[in-house]
Amino acid sequence: MRKTILIIGMAIAILTVVYSFFGMGDTGQFFGFEVHIWVYRLIWTGLFVLVLFDYLKSPKKSE
């Protein structure tokens, strides 16, 4: 179950970054704060990397 949640988290993060190239302007909303679009993309990419490392670190065998 945990791996499924991690995969969903990675998909949401990567889709948010891809969508930011097509559907957003110069700023993005992150927890209610307007941030520069490149900072917004960097934050979401960082979240993707963190979840990816957690996914790769998790045991291969499902519990």
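Just so we're clear, the structure is a prediction, and the values are computed from it rather than from any experiment.

I tried to follow the UniProt feature "transmembrane region" (unreviewed entry) in the protein on my own but got confused; where do I start?
Under the UniProt annotation, the feature "transmembrane region" (unreviewed entry) is placed at residues 5–25 and 37–56. What you have in residues 37–56 is 100% helix and 0% strand, and the ends, taken at the C-alpha atoms, are 28 Å apart.

Is there a simple way to think about helix H1 (residues 2–23) in this case?
Helical geometry: 3.6 residues make up each α-helical turn, so side chains three or four residues apart lie on a common side. Helix length check: H1, at 22 residues, gives a terminal C-alpha distance of 31 Å against a target of 32 Å (1.5 Å per residue), a fit within 8%. Those residues of H1 that fall on the buried side of the exposure criterion are Leu6, Met10, Ala13, Thr16, Val17 and Ser20. Taken end-on, H1 shows its buried residues confined to a sector of 120°, consistent with a single buried face. For H1, the exposed residues lying more than 90 degrees away from the buried face are Leu15, Tyr19 and Phe22.

Is there a simple way to explain the nonpolar core in this structure?
For soluble globular proteins, the rule of thumb is that nonpolar side chains tend to be buried together. Counting residues in each nonpolar core, the largest one holds seven residues, listed as Ala13, Val17, Phe30, Val35, Ile37, Tyr40 and Trp44. Secondary-structure elements contributing two or more residues to this core are H1 and helix H2 (37–57). It is H2 that contributes the most residues to this core, three residues altogether. Excluding residues that lie within four positions of it along the chain, Ala13 makes contacts with Trp44 and Phe48.

Before we go on, may I ask you to explain H2 in this structure?
The end-to-end C-alpha separation of H2 is 30 Å, in line with the 30 Å expected for 21 residues at 1.5 Å each. Listed in full, the buried residues belonging to H2 are Ile37, Tyr40, Arg41 and Trp44. The buried side chains of H2 occupy one side of the element, clustering within an arc of 95° when seen end-on. Projecting away from the buried face of H2 at angles above 90 degrees are the exposed residues Trp38, Leu42, Leu50, Phe53, Leu56 and Lys57. Elements in contact with the buried residues of H2: H1, strand S1 (27–30) and strand S2 (33–36).

Thresholds applied
- Residues numbered from 1 in each chain as written.
- Predicted model: local features only at pLDDT ≥ 70, side-chain atom pairs only at ≥ 80, totals over all residues.
- Heavy atoms only, no water.
- UniProt positions renumbered as here; feature names shortened; annotations may be inferred.
- Helix = DSSP H or I, 4+ residues; strand = E, 2+ residues; numbered from the N terminus.
- Expected span 1.5 Å × (residues − 1).
- Buried < 20%, exposed > 50% of the residue type's maximum accessible area, 1.4 Å probe, protein only.
- Arc of directions from axis to C-beta.
- Core = buried A, V, L, I, M, F, W, Y, C linked by side-chain atoms within 4.5 Å.
- Contact = heavy atoms within 4.5 Å.

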